[in-house]
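# Coordinate analysis (summary)
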Amino acid sequence: MADHFYTKIKWRCPSNIAIVKYWGKKDHQVPCNPSVSMTLSEAFTEVEMEISPKKDKDVKGVELEYFYEGIKNVPFQLRVQTYLESNLESFPFIKNHSIHINSSNNFPHSTGIASSASAFGAIALSLVDAQNEFSYLSEKKSFYKKASEMARLGSGSACRSMYGGFAIWGHHPNVKESSDQFAIELTDIHDNFKQMQDAILIVDDQQKKVSSSTGHSLMNNHPYAQSRFLQAQKNAEEIIKVLSNGDYDTLIQVAEAEALTLHAMMMTSHPYYLLMKPGTIDAIQKIVHFREETHTPVCFTLDAGPNVHVLYPSAFKTVVTEFINNDLKPFLKEVIFDKTGKGPEKLY
Ligand code: DP6
């Protein structure tokens with residue numbers, strides 16, 4: 001086995017939208033409750049990683065250059081640098097190689113859509129792949145479980161992007177093989193939910209004022225934390241049941257309650273904060289009204305920001321697209337039509 005090698009690897013990793021939310025974590029990116037998400041198709045990051053021997057072998061530490069669409073991205077480079085430094089044991093090749101990353105997203109940069117899930121997903125996939133090329137990992141874990149574990153250490157939600165369809169991350173006593181360390185794929189999915197649409201309503205495209213990391217940390221001394229974690233555990237179990245039995249009504253009820261609870265946690269933390277905008281509330285009310293009028297199984301969810309995700313089965317695509325274009329789009333910055341995705345892809 002050579003000490004040094006040269007390789008160029010490229011992975012595409014999609015983003016995901018949580019139905020049961022991860023909000024609150026312990027040390028080492030261990031979540032306080034299980035979360036369940038749907039992997040997306042169109043919102044993805046591509047990472048090209050070029051790995052070559054360090055020019056100067058005596059240089060200690062990580063040698064990394066991080067470019068976003070050809071332009072050096074210093075803040076993200078520092079975040080990835082810290083990530084690599086704390087994971088040298090998993091990727092020993094980093095000690096004597098330099099790494100050049102060029103990443104790009106296929107969703108507009110200015111939409112305020114969080115990209116750390118897809119970015120860390122693609123970075124972890126490339127690193128695990130490179131380490132495999134260099135010397136096979138001795139662990140018994142499958143490639144995607146290992147990549148999920150490493151993605152989690154970069155950004156929690158990233159670990160759920162390793163599989164197509166739906167995934168659960170976080171140990172649940174009633175879900176076999178579920179783990180706090182990595183996500184696993186949910187395979188028992190009813191036909192009703194195999195092809196879901198997710199229209200992302202861009203209400204506001206500004207960078208949010210409070211980061212997810214700060215939000216997670218505010219759960220540490222949150223007055224409602226324990227009941228929230230218990231509720232999420234119950235909701236995760238309920239959603240898994242619903243995904244398998246095809247019950248639209250319960251999916252809608254749990255998904256919307258989760259979205260509002262996430263924001264309720266922000267509004268009741270110390271200090272409190274508000275990420276929803278008037279346009280968020282307006283869109284939510286129109287979606288609920290449309291559902292009541294037409295009996296279409298459509299619902300909303302939110303991530304840690306003002307934008308609204310509209311979830312609906314593909315069978316109702318025509319009627320919901322018409323509703324979005326006529327009743328919502330005129331009040332929005334942009335709408336991104338996405339859907340259930342197949343998971344990551346190695347490009348070379
Ligand atoms: C509201 O995964 O962005 O989207 O682990 O600190 O990187 P870090 O947090 P992050 O948190 C995502 C929170 C969420 C809910 C979810 O995706 O489950």
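The structure under discussion appears in the preceding block.
Structure report, in brief. Quick caveat, the model's predicted, so the values are computed rather than measured.

The subject of this paragraph is the packing of aromatic side chains. Evaluation of the coordinates by the stated rule reveals 13 aromatic pairs. Measuring from centroid to centroid gives 4.5 Å for F5 and F134, while their planes differ by 20°, and the two rings are stacked. With F5 in the segment before strand 1 (7-20) and F134 in helix 2 (residues 116-134), this residue pair connects regions lying 129 residues apart in the sequence. As far as the burial class goes, F5 and F134 line up, both buried. Ring centres of F76 and F120 lie 5.6 Å apart, and the angle between their planes is 55°; on these two criteria the pair is classed as tilted. Of the two residues, F76 is situated in helix 1 (residues 74-85) and F120 in helix 2; the sequence distance between them amounts to 44 residues.

The full count for this structure, using the stated rule, is 11 salt bridges. One salt bridge connects E256 with R291, and the closest N-O pair in it is separated by 2.7 Å. Of the two residues, E256 is situated in helix 6 (residues 248-267) and R291 in helix 7 (residues 278-294); the sequence distance between them amounts to 35 residues. Using a relative accessible area of 10% as the deciding quantity, one classes E256 as buried. Sharing partners across several salt bridges, the network here consists of K10, R12, E46 and E345.

With that settled, consider the packing of helix 1 against helix 2. Between helix 1 and helix 2, the shortest axis-to-axis distance is 13 Å and the interhelical angle comes to 45°. Looking at the two axes, helix 1 sits oblique to helix 2. Crossing handedness for the pair helix 1 and helix 2: right-handed. In contact with F76, R79, V80, Y83 and L84 of helix 1, helix 2 contributes S116, A119, F120, I123, A124 and L127. Class assignment of the residues belonging to the contact of helix 1 with helix 2 gives a composition of 9 nonpolar, 1 polar and 1 charged.

Thresholds, definitions, all that
- Residues numbered from 1 in each chain as written.
- Predicted model: local features only at pLDDT ≥ 70, side-chain atom pairs only at ≥ 80, totals over all residues.
- Heavy atoms only, no water.
- Phe/Tyr/Trp six-rings, centres within 6.5 Å; stacked < 30°, edge-to-face > 60°.
- Helix = DSSP H or I, 4+ residues; strand = E, 2+ residues; numbered from the N terminus.
- Buried < 20%, exposed > 50% of the residue type's maximum accessible area, 1.4 Å probe, protein only.
- Salt bridge = Lys/Arg side-chain N within 4 Å of Asp/Glu carboxyl O.
- Axes fitted to C-alpha atoms, helices over the stretch in contact; angles between N-to-C directions.
- Parallel < 35°, antiparallel > 145°, perpendicular 65-115°, else oblique.
- Left-handed = near helix turned anticlockwise from the far one by under 90°.
- Contact = heavy atoms within 4.5 Å.
- Nonpolar A, V, L, I, M, F, W, Y, C, P; charged D, E, K, R; others polar.

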